[in-house]
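Listed below are the residues making up each chain.
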Amino acid sequence: MSAYFLYTALTGLAILPLLLYIRNPYFFKDLRYTITALHIVFRMTRYSKRKPFYSILECFLDKVAKHPHKPFIVFEKSSYTYREADEESNKVARALSTHAQLKEGDTVALFLGNEPLYVWMWLGLAKLGCTAALINYNIRSKSLLHCFSCCEAKVLVAGAELRGAVEEVLPSLQQQGVRVFILSEDCDAEGMESLSDKIRQASDQPLSPQLRANVHLKSPALYIYTSGTTGLPKAAVINHQRIWMASFLQSIAGVHSDDVIYIYLPLYHSAGFLMGLCGAIDKGITIVLRRKFSASQFLDDCRKYNVTVIQYIGEIMRYLCNTPKKDNDRDHKVRLALGNGIRADTWADFLQRFGDIRICECYGATEGNIGFVNYVGKVGAIGKEHFLHRASGRYALIRYDTEKEEPVRDSRGLCTEVPRGETGLLVAEIGARTPFSGYAKNKQQTEKKKLRDVFVKGDFYFNSGDLLKIDHEGFVYFQDRIGDTFRWKGENVATTEVADHLIMVDCIEEANVYGVKVPGHEGRIGMAALKLREDMDFDSRATYQHVKTYLPSYARPRFIRIRDSLAVTGTFKQMKVKLAEEGFNPAVITEPLFYLEDSKGYIPMTQEIFSSIAEGRLRL
Ligand SMILES: *[C@@H]1O[C@H](CO)[C@@H](O)[C@H](O)[C@H]1NC(C)=O
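Note that this is a predicted model, so its numbers are computed, not measured.

Chemist: Honestly, the sheet that holds strand β5 (residues 155-159) in this entry has me stumped. Any pointers?
Modeler: As a general point, the strands of a sheet are linked pairwise by backbone hydrogen bonds and lie either parallel or antiparallel. On the basis of which strands lie adjacent, the open sheet formed by seven strands has the order β7-β6-β5-β3-β4-β8-β9 and mixed pairing. Sheet topology places β7 (193-194) and β9 (234-239) at the edges, where each strand pairs with a single neighbour. Direction of pairing for strand β3 (residues 107-111) relative to strand β4 (residues 131-134): parallel, over a ladder of four bridges. Considered in β4, the bridge of Ala109 is made with Ala133. Across the sheet, helix α9 (residues 240-247) lies against β8 (220-226) and β9, angled at about 85 degrees from β9, the strand it touches most.

Okay, structure coming up:
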């Protein structure tokens, strides 16, 4: 009898995994994610209780002790070990503490490109308990000054190559009492001091942890500026908790301690700095750092340095797929790609072309309080829901009116959740475990990101600005960013969807779709800026055939302009606002411009057509 029970029980246990698998084909991946996530929660709890607080800097110092001779940063022809990085950053900290009289809690703005010194500067500042404001090195004049007023930096450290940009705003900086250091050996200009010589002369001996004794989980560690598509940059306050959360992504993605990561994304943004650099420190791995992205050099770099993990963002993967095919496209050691914003078609192309690389797509905003990870590797999804998400805080997809550009409210003034499978605006409750630190010195923008009275009067949610869809298996799909959707003839047009169709036309390499205003019409009509493939002309027939076949009439771009290149932001997102403002007036746009004439196709745009539309003689 007991043998019978034992036998049944054993059989039951043996087929249990099978049953679980049938019920949920992602069972084992879900389980693995659960274990990793719980481990992260455990680590976070432990770090927050440690006195002094265990920051990413302390983690770095532990790695230095553990493997001092392991390469930390490989850059161009040089390689720096963990110990060398530690010593270099000691020198930086000493030079700054002596010559800029920095002390715990001060903020220093870093204005330089990707290079090892960037990392030494940040580590040095962290050793002094200072906050680093990471300034986009492409910005100038008014925007640059604006970044200072947000973070109240006392000191600016700028790369030698950016000296001109600093000189432009020097009088205003001096008025604000900002000390300016240039990373050069000497500097005779008034109001600026050289720093490289001072770093070179400083001692590389360790600094006392007492200097940063008051740093805790919630102290600001960094300011990272989110560009957005309009307006001046906003400084997201990144505290130590946030750095840790972003760093853990590499663990979730399955990065090992013997991996080599390729960082070419700008260090002034969260993808490169938090997910890339800080994540690499957490894993104690080697970083291959590059000044700038280069599609043609990308794979060569990966081969040369034995890169195993790459990051991507926005349009990057498409750029890689657009490079000329080579026989050795699959000859590399890259096994994992970690990032955000790859589109489903590019994903499939990428795998087919470059071989078996696991793509770990993540979703999250620099300042946001919610994220998803597609730990299953399902093509096209930006993440998968997990019960631990639900446990950490409430989030929902709510109904959104793209015309009024606001959430739909019911008679009680509350929002409604969309049914599963439908598109809605992602909002996440702001709470103790899901905080929103907001933007520094910008109450207005901080408030703008908060949504009140969502499900009950008086509640607060973070408004992600992203329209998502969650299917029955819990896979999360990106639909559009608010502002990337426009309404025409009462229909929503998702710009990315239209762009995905356009690039299927042979002659089109890239497409940027947006809505333009037409006098006397509600909403916006579709327009596309196109970059053509090399040596190809705009094939108006093929384009027309394609949009006619695949897109409903309201979504077909009515106007097309051909450009030599399409502008992208520092994070490789397409810029639309300026294009939308320029509209479709042939007197303004000097590039080739086309108009879609009903049932005829794309014809060159003329001043006459423009006038008929403007005067309302031609209804669109
Ligand atoms: C890359 O790996 C190969 C083979 O494992 C090795 O011979 C080579 O030295 C490595 N290159 C670098 C830059 O580490």
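Chemist: Teacher, can you tell me more about the packing of aromatic side chains here?
Modeler: Two aromatic rings, taken as a pair, are described by how far apart their centres are and by the angle between their planes. Considering all chains together, one arrives at 30 aromatic pairs under this definition. Judged by centre distance (5.4 Å) and plane angle (50 degrees), the rings of Phe60 and Phe72 are tilted. Of the two residues, Phe60 sits in helix α3 (residues 56-66) while Phe72 sits in strand β1 (residues 71-75), which places them twelve residues apart along the sequence. Each member of the pair Phe60 and Phe72 is classed as buried. Geometrically, the ring pair formed by Phe436 and Phe462 is tilted, given 5.0 Å between the ring centres and 50 degrees between the ring planes. Here Phe436 is found in the loop between β20 (423-429) and α16 (443-448), whereas its partner Phe462 is found in strand β22 (residues 460-470), with 26 residues between them in sequence. Per residue, the accessibility class of Phe436 equals that of Phe462, and both read buried. Put simply, the rings of Tyr262, Tyr264, Phe293, Phe298 and Tyr319 touch in pairs and so form one group of aromatic residues. Its end group placed over the ring of Phe475, Lys384 keeps NZ or CZ at 5.7 Å from the ring centre. Lying over the aromatic face of Phe460, Lys450 brings its terminal NZ or CZ to 5.7 Å of the ring centre.

Chemist: How should the sheet that holds strand β30 (residues 601-604) be read in this particular structure?
Modeler: Strand order across the open sheet formed by five strands is β26-β27-β28-β29-β30, with mixed pairing between neighbours. Strand pairing shows two members of the sheet lacking a second neighbour, β26 (508-517) and β30, which therefore form its edges. Going across the sheet, the axis of each strand differs from the next one's by a mean of 30 degrees, ignoring polarity. Sheet topology places β26 next to strand β27 (residues 524-532); nine bridges connect them, and they run antiparallel. Looking at the pairing, Val516 lines up with Ile525 of β27. Against the sheet, helix α17 (residues 495-502) engages β26 and β27, with an angle of about 145 degrees to β26. Strands in contact with helix α18 (residues 540-550) are β26, β28 (559-563), β29 (593-597) and β30; relative to β30, the strand with the most contacts, it is inclined by about 140 degrees.

Chemist: Looking at this model, I keep getting lost on helix α11 (residues 270-283). Mind explaining?
Modeler: Every α-helical turn comprises 3.6 residues, leaving residues that sit three or four positions apart pointing alike. Counting buried positions over the 14 residues of α11 gives 13, a clear majority of the element. Two residues or fewer after α11 comes Gly284, characterised by a positive phi angle close to 65 degrees.

Chemist: Mind showing me how you'd approach the site of the ligand here?
Modeler: The environment of the ligand is made up of Lys304, Asn306 and Lys333. A distance of 2.4 Å is found between an oxygen atom of the ligand and a side-chain nitrogen or oxygen belonging to Asn306. Interatomic distance of 3.1 Å between a side-chain N/O atom of Lys333 and an oxygen atom of the ligand.

Chemist: Just checking my understanding: could you explain the packing of helix α5 (residues 116-127) against α11 for this structure?
Modeler: Helix-helix packing is described using two parameters, namely the angle between the two axes and the distance between the axes. Remark: α5 packs on α11, axes separated minimally by 13 Å, with the N-to-C direction vectors making an angle of 75 degrees. Compared by their axis directions, α5 and α11 come out roughly perpendicular. Packed against α5, whose contacting residues are Tyr118, Val119 and Trp122, the element α11 presents Phe273, Leu277, Cys278 and Ile281 at the interface. The class makeup of the residues in the contact of α5 with α11 is seven nonpolar, no polar and no charged.

Chemist: How should the environment of Val577 be read in this particular structure?
Modeler: Topologically, Val577 is positioned in helix α19 (residues 577-582). Val577 sits in the partly exposed class, given a relative accessible area of 30%.

Chemist: Hey, could you run me through the pattern of salt bridges in this one?
Modeler: Pairs may arise between side chains of opposite charge once their charged atoms sit close together. Taken as a whole, this structure holds 33 salt bridges when the rule is applied. Residue Glu473 pairs with Lys378 through a salt bridge whose shortest N-O separation is 3.8 Å. Placement of the pair is Glu473 in the loop between β22 and β23 (475-481) and Lys378 in the loop between β15 (371-373) and β16 (383-384), with a sequence separation of 95 residues. Here Glu447 and Arg452 are joined by a salt bridge, their closest N and O atoms 2.6 Å apart. You can call Glu447 partly exposed: its relative accessible area is 28%. What makes Arg452 partly exposed here is its relative accessible area of 39%. One continuous salt-bridge network, built from bridges that share partners, spans Arg561, Arg563, Lys578, Glu582 and Glu591.

Chemist: Explain the side chain of Glu509 to me, please; I cannot follow it from the model alone.
Modeler: Take Glu509: it is sitting in strand β26. Judged by its relative accessible area of 15%, Glu509 falls in the buried class.

Chemist: Can you help me understand the domain arrangement of the protein chain in this one?
Modeler: Each assigned domain of the protein chain is listed here: domain 1 (2-47), domain 2 (82-239), domain 3 (368-481) and domain 4 (485-614). Its C-alpha centre places domain 2 at a distance of 34 Å from the equivalent point of domain 3. Counting from both sides, the interface comprises eleven residues of domain 2 and, opposite them, nine residues of domain 3. For the pairing of domain 2 and domain 3, the buried interface totals around 740 Å² over both sides, and the portion due to carbon and sulfur atoms is 53%. Applying the counting criterion to the domain 2 and domain 3 interface returns one salt bridge. Put simply, Lys441 and Glu152 hold a salt bridge, and the shortest N to O gap is 3.5 Å.

Cut-off values and rules
Residues numbered from 1 in each chain as written. Predicted model: local features only at pLDDT ≥ 70, side-chain atom pairs only at ≥ 80, totals over all residues. Heavy atoms only, no water. Pairing = 2+ DSSP bridges. Helix = DSSP H or I, 4+ residues; strand = E, 2+ residues; numbered from the N terminus. Contact = heavy atoms within 4.5 Å. Axes fitted to C-alpha atoms, helices over the stretch in contact; angles between N-to-C directions. Phe/Tyr/Trp six-rings, centres within 6.5 Å; stacked < 30°, edge-to-face > 60°. Buried < 20%, exposed > 50% of the residue type's maximum accessible area, 1.4 Å probe, protein only. Lys NZ or Arg CZ within 6 Å of the ring centre and 35° of its normal. Near = heavy atom within 4 Å. Polar contact = N/O pair within 3.5 Å; in protein donor to acceptor, adjacent residues only side chain to side chain. Parallel < 35°, antiparallel > 145°, perpendicular 65-115°, else oblique. Nonpolar A, V, L, I, M, F, W, Y, C, P; charged D, E, K, R; others polar. Salt bridge = Lys/Arg side-chain N within 4 Å of Asp/Glu carboxyl O. Domains from an automatic or database assignment. Buried area = accessible area lost by both parts, 1.4 Å probe.

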